[in-house]
Amino acid sequence: MLRRPPALRTAFTLVELLVVIAIVGAMVGLLLPAVQAARESARLAECQNHLRQIGLATLNFEQAKQAFPPARLRAREFYGPNDCAETEPSWMVRILPFVEQAVTYSKWNIYKPYDDHDLDTRNFIPSHFVCPSRRTVEEARVDSGVVEQNITYGCGCSGTEIIELTGGAVGDYAGNHGDYTGGSDDWLYAYWRGGNGMGVIISSEPVCKENKPADWLNKLRHKHLVDGASNTALAGEMHVPQGRLAQVPETGPLYNGKDLPAFARIGGPGVPLARGPDDTTIPILGFGSWHPGVCPFVFADGSTGSIDNFVDDRILQQICRRDDAALPPWEEEPYWW
């Protein structure tokens, strides 16, 4: 009678199982940073694509309207001949037809106050206007309410201002308004007044009819970009510190023409690129991103690129200005307010 050999054991011992688990855990630990880096690289590429779409839309607007869109409407002088603007929609509304949002654009009246438009219209935002590293389209909202904030005025004095905020969509990209040398340091003629900006997307004086805006006055074209379209930023990612998403004043309603930092930013001495999402040292009018080490921009020729967060302030100023030849020779750090 033949005897069968004893069956071989095929199960793992406890020690072997623990060794396998340890090896797998170590491999996951080594691979996780690479996976996270790959995901962030993909988000940065998507962010640059968003800016490219915004840039192409703006260039198409310039071709169709024979001028770049105004960042907003604002008189050069208080109580001057063109002081009829209120809170008319920002430039981001004007380019909606060129990002395939003609139906949404038809719901806006660009020469009526932002507050006059209904909630659904104010809340709508294309995915191209939102950075994937920060939030989803559904999260890009700020609610209406009463907001109290500290304000530093052009005179150098400061105070508290109570704002009755009309809510709406918020975004992550802003037009290049230049630096703050477009006007004098006199608070009445600062860069933020109509026609003073030295960027591409600048505040413009309205053309008034019956004391209401009907057109805009300061119309920039490619011929005004003395430094060349490839050397001049058109738009970039705006700085919003972590923990301040969809909060005023860091990110106000994107379409409200009264709230300049919500859709236009500046750069240069006194306003460097944010060093990262935790940077709370720069003014709210600066550019900056949540992408490690860089801030993406689209230039006035439609090309995109990322600028190192530690770029020299004077180089950033040259990127943001359309005419470096008009730059005054600073003897000291310029006055910021």
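Check the entry above for the structure.
The structure displayed is predicted, hence computed values, not measured ones.

Observations concerning the pairing of strand S13 (residues 304–308)
Every other side chain in a regular strand lies on the same face of the sheet, so the side chains alternate between the two faces.
Alright, step 1. Residue alternation in S13 divides its side chains into a buried set, Gly305 and Ile307, and an unburied set, Thr304, Ser306 and Asp308.
Alright, step 2. Bridge count between strand S12 (residues 294–299) and S13: 5 bridges; the pairing is antiparallel. Within S13, the position partnered with Val294 by the bridge is Asp308.
Alright, step 3. Counting the residues that bridge the hairpin from S12 to S13 gives 4 residues, and of these Gly302 lies at a positive phi of roughly 95 degrees.

What to know about the pattern of salt bridges
Alright, step 1. Under the counting rule described, the total for this entry stands at 8 salt bridges.
Alright, step 2. Residues participating in the shared-partner salt-bridge network are Arg134, Arg135, Asp172 and Glu237.

A look at the packing of aromatic side chains
Alright, step 1. Under the counting rule described, the total for this entry stands at 5 aromatic pairs.
Alright, step 2. Measuring from ring centre to ring centre gives 6.3 Å for Trp108 and Tyr114, while their planes differ by 25 degrees; the resulting arrangement is stacked. An identical accessibility class is assigned to Trp108 and Tyr114; each is buried.
Alright, step 3. Centroid distance Trp108 to Tyr255: 5.2 Å. Interplanar angle 65 degrees. Geometry classified as edge-to-face. On the criterion of sequence distance, the pair formed by Trp108 in the loop between helix H3 (102–105) and helix H4 (119–123) and Tyr255 in the loop between strand S10 (233–237) and strand S11 (264–266) is long-range, its members being 147 residues apart.
Alright, step 4. By relative accessible area, Trp108 is classed as buried at 7%.
Alright, step 5. A relative accessible area of 1% places Tyr255 in the buried class.
Alright, step 6. Three or more aromatic residues link up through ring pairs in this structure, and these residues are Phe61, Phe98 and Trp216.
Alright, step 7. Positioned above the aromatic ring of Tyr114, the side-chain terminus of Arg122 is 5.8 Å from the ring centre.
Alright, step 8. Stacked on the ring of Trp216, the Lys or Arg Lys219 has its end atom at 4.5 Å from the ring centre.

Reading the values: the criteria
- Residue positions are given per chain, counted from 1 along the sequence in the order it is written.
- Whole-chain, interface and lining totals are the exception, using all residues; otherwise, since this is a predicted model, local features are given only for residues with pLDDT of at least 70 and side-chain atom pairs are given and counted only at 80 or more.
- The side-chain quantities take in all heavy atoms of the structure and omit both hydrogens and water.
- Relative accessibility decides the category of a residue: with a 1.4 Å probe and only protein chains considered, values under 20% of the type maximum give buried, values over 50% give exposed, and everything between is partly exposed.
- Under the scheme used here, helices are H or I runs from DSSP no shorter than 4 residues and strands are E runs no shorter than 2 residues, and both carry numbers assigned from the N terminus.
- Criterion used throughout: strands pair if DSSP finds at least two bridges between them.
- Here a salt bridge means any side-chain nitrogen of Lys or Arg lying within 4 Å of a carboxyl oxygen belonging to Asp or Glu.
- Only Phe, Tyr and Trp rings are paired, with Trp represented by its six-membered ring, and only when their centres lie within 6.5 Å; those with planes under 30 degrees apart are stacked, over 60 edge-to-face, the remainder tilted.
- Ring-over charges, as used throughout, are those where CZ of Arg or NZ of Lys falls within 6 Å of the ring centre and within 35 degrees of the ring normal.

Treat this as a map of the structure, not an account of what it does.
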